[in-house]
Amino acid sequence: MKKSLRVCLLAAGVAVVGLGCVTVSQDGAGYVRSSALPAPPDPADNPTTPEKAALGKQLFFDPRLSGDGSMACQGCHYRHLGWTDGLPLSRKVGGGMNTRHTPSVYNTGYYTSWYWDGRAKTLEGQITAAWKAQIGADPVKAAAVIAAVPGYQATFQKVFGAAPDADNIPKALAAFLRTLNSGEAPWDRHVAGDTTAVSADAVAGHELFVGKAGCAACHRPPLYSDSLFYNIGLEAGKTNPDPGRQAVTKEAKDLSAFKTPSLRSVAIAGPYFHDGSVSSLDGAVRYMASGGKADPNKSALLIDRKLSEREISQLVAFLDTLTSDERFQAPTLP
């Protein structure tokens, strides 16, 4: 790995070294990519293989994994929406609503904590929690449903040497999610030397991003996130403000702080922010560039950057170039 990339990823608090990392081809679970990101790390107890990731891909799209058979994991994460759902707040099985916006699962394998407040310490743990709360499953009962499918019986035996259960299903899903890494975006091609990949406005927007606008202080490339938590003022004035990270750490400094989202494919992943309160990318850029709402706990990094209308549009033009354009094909279910 190049020294500059290693330093950037370590500065972002993102793991970059792991065991048994693979990049899975389009014929398996995901795709080969040529962006700057190396393959994400695997935990020692769940090394990724093409077969395991392909199995996880099937499970991710299979509504039989849910409590009532009506909703797959994919029901909140669509490829054409940057692996989000396009809704301000995410829906649960049964029609209930969450209080936060669905985060993208692009590049989720690189993080060291999950959810907007970072309460999950492993990707497998986050998957298990969502399996229960989001798609309403009793893992033991749902595993029995999957185990009754002949096609799954053979594959689980091949991959895990065991029948589907509450432990190996999340492991398969995690293996798949670790393949959902940003494919080559126009900005990646520009960095690699393709002078036709992006517009002059996008180049100017990048200069603003790393300079006057201050965006790169938290949205550090190549993930365009630092995995840290910030209060950006969005909860100010709400009757029942979301405590955010404070609910996990119990520390006053973390009140209404939320994890920095990655900006990979951000242009297709609206609405924006943890509460889904801003519908357009232009609006999200304007909010951040203005310094946000007044809040005594707001990060000192959030100030009015005094950007012109042209500079706002140039920033948006740059963010548009972070949209991945890899191929993706939904699986055939057994």
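The structure we're discussing is the one just above.
Please read these numbers as outputs of a predicted model, since none were measured by experiment.

So what exactly am I meant to see when it comes to the overall build of the protein chain here?
The secondary structure content of the protein chain amounts to eleven helices and two strands. What you see in the protein chain, going N to C, is helices and strands ordered as α-α-α-α-α-α-α-α-β-α-β-α-α. Taking the intrachain contacts of the protein chain between residues at least 6 apart in sequence as the baseline, contacts between residues at least 24 apart amount to 67%. With an accessible surface of roughly 14400 Å², the protein chain has 58% of that area assigned to carbon and sulfur atoms.

I tried to follow helix H10 (residues 281-290) on my own but got confused; where do I start?
Note on helix geometry: an α-helix contains 3.6 residues per turn, so any two residues three or four positions apart are oriented the same way. For H10, the complete set of buried residues consists of Leu 281, Ala 284, Val 285, Tyr 287 and Ala 289. Where H10 is buried, its residues meet helix H11 (309-320). After H10 finishes, the residue Gly 291 shows a positive phi value of roughly 95°.

Would you mind showing me how to read the side chain of Asn 46 here?
Position of Asn 46 relative to the elements: it lies in the loop between helix H1 (3-11) and helix H2 (50-60). Engagement of the side chain of Asn 46 in a polar contact is seen with the backbone oxygen of Lys 171, the distance being 3.1 Å. Not counting the four nearest positions on each side in its chain, Asn 46 is found in contact with Lys 52, Glu 124, Lys 171, Ala 174, Ala 175 and Arg 178.

I keep staring at the packing of H2 against helix H5 (residues 150-160) and nothing clicks. Help me out?
Angle between the axes and distance between the axes: these two values describe a pair of packed helices. Running from amino to carboxyl end, H2 crosses H5 at an angle of 145°, the nearest separation of the two axes being 10 Å. Like other packed secondary-structure pairs, H2 and H5 cross with a definite hand, here left-handed. Residue-level inspection shows Glu 51, Lys 52, Leu 55, Gln 58 and Leu 59 of H2 in contact with H5, the latter providing Tyr 152, Thr 155, Phe 156, Lys 158, Val 159 and Phe 160. Its residues placed into classes, the contact of H2 with H5 shows six nonpolar, two polar and three charged.

Quick question: what am I supposed to make of the pattern of salt bridges here?
Where charged atoms from two side chains of opposite charge approach closely, those side chains can pair. Per the counting criterion, the structure on display carries 19 salt bridges. As a salt-bridge pair, Arg 100 and Asp 242 come within 2.8 Å of each other at their nearest N and O atoms. In this pair, Arg 100 sits in the loop between H2 and helix H3 (123-133) while Asp 242 sits in the loop between strand S1 (229-230) and helix H9 (246-249), placing the two residues 142 residues apart along the sequence. Of the two residues examined, Arg 100 and Asp 242, each falls in the buried class. When the shortest N-O distance is used, the salt bridge between Asp 275 and Lys 238 registers 2.8 Å. Of this pair, Asp 275 sits in the loop between strand S2 (258-259) and H10 while Lys 238 sits in the loop between S1 and H9; the two residues are 37 residues apart in sequence, bridging distant segments of the chain. Linked through salt bridges whose partners overlap, the residues forming this network are Arg 100, Asp 117, Arg 119 and Asp 242.

Before we go on, may I ask you to explain the nonpolar core in this structure?
Considering soluble globular proteins, one finds that nonpolar side chains tend to be buried as a cluster. Membership of the largest hydrophobic core comes to 34 residues, with the highest contact counts inside it found for Leu 59, Phe 60, Leu 65, Ile 169, Leu 173 and Leu 177. With six residues, helix H6 (residues 168-177) is the single largest residue contributor to this core. The residues contacting Leu 173, other than those within four sequence positions of it, are Gly 56, Leu 59, Phe 60, Leu 65, Cys 73 and Ile 127.

Explanation requested: unusual backbone geometry in the structure shown.
Leave glycine aside and you will find that most residues have negative phi; peptide bonds, for their part, are mostly trans. In this model, Pro 221 is joined to Pro 222 through a cis peptide bond whose omega is 5°. The omega torsion across Gly 270 and Pro 271 is -5°, close enough to zero to call that bond cis. On the secondary structure map, Pro 271 appears in the loop between S2 and H10. Backbone geometry at Asn 107 places phi at a positive 60°, although glycine is not the residue there. With respect to the secondary-structure elements, Asn 107 resides in the loop between H2 and H3.

When you look at the packing of helix H8 (residues 200-210) against H11 in this model, what are you seeing that I'm missing?
Close contact between H8 and H11 brings their axes to 7 Å; oriented N to C, the two are set at 100°. If you check the angle between H8 and H11, you find them roughly perpendicular. The residues of H11 that touch H8, namely those facing Asp 201, Ala 202, Ala 204, Gly 205, His 206, Leu 208 and Phe 209, are Arg 310, Glu 311, Gln 314, Leu 315, Ala 317, Phe 318 and Leu 319. Looking at side-chain class alone, the contact of H8 with H11 contains eight nonpolar, three polar and three charged residues.

Looking at this structure, I do not really get the environment of Arg 189. What am I missing?
Examined against the element boundaries, Arg 189 turns out to sit in helix H7 (residues 186-191). In this structure, the C-alpha to C-alpha distance between Arg 189 and Thr 321, residues 132 residues apart in sequence, is 9.6 Å. Discounting chain neighbours no more than four positions away, the residues touching Arg 189 are Glu 184, Asp 194, Ala 197 and Asp 325. A polar contact is formed between the side chain of Arg 189 and the side chain of Asp 325, at a distance of 2.9 Å.

Cut-offs and rules
- Residue positions are given per chain, counting from 1 as you read along its sequence in written order.
- Two thresholds apply to this predicted model, a pLDDT of at least 70 for residue-level local features and 80 or more for giving and counting side-chain atom pairs, whereas whole-chain, interface and lining totals are computed over all residues.
- Computation of side-chain values: all heavy atoms of the structure, hydrogens and water removed.
- Elements are defined by DSSP. Helices are runs of H or I of four residues or more, strands are runs of E of two residues or more, and each kind is numbered from the N terminus.
- Here, residues are in contact when the closest pair of their heavy atoms is within 4.5 Å.
- Calculation of accessible area relied on Shrake-Rupley with a 1.4 Å probe; when residues are assessed, cover is drawn exclusively from the protein chains displayed.
- Only protein chains enter the calculation, and the probe is 1.4 Å; a residue is then buried if its accessible area is under 20% of its type maximum, exposed if over 50%, and partly exposed in between.
- Polar contacts, as counted here, are pairs of nitrogen or oxygen atoms within 3.5 Å of one another; within protein the pair requires one atom able to donate a hydrogen and one able to accept it, and residues that are adjacent in sequence qualify only if both atoms are side-chain atoms.
- Axes, fitted as lines to C-alpha atoms, cover a helix only where it is in contact. Angles between the N-to-C directions of the axes lie from 0 to 180 degrees.
- Each crossing is labelled by how the near helix is turned from the far one, with a counterclockwise turn of less than a right angle marking it left-handed and a clockwise turn marking it right-handed.
- Residue polarity follows a fixed list, in which Ala, Val, Leu, Ile, Met, Phe, Trp, Tyr, Cys and Pro are nonpolar, Asp, Glu, Lys and Arg are charged, and the others, Gly among them, are polar.
- Take a side-chain nitrogen of Lys or Arg and a carboxyl oxygen of Asp or Glu: if they are within 4 Å of each other, that pair is a salt bridge.
- Here, the term nonpolar core denotes a set of buried Ala, Val, Leu, Ile, Met, Phe, Trp, Tyr and Cys residues that are joined through side-chain atoms within 4.5 Å.
- With respect to orientation, any angle under 35 degrees is reported as roughly parallel, any angle over 145 as roughly antiparallel, any angle of 65 to 115 as roughly perpendicular, and every other angle as oblique.

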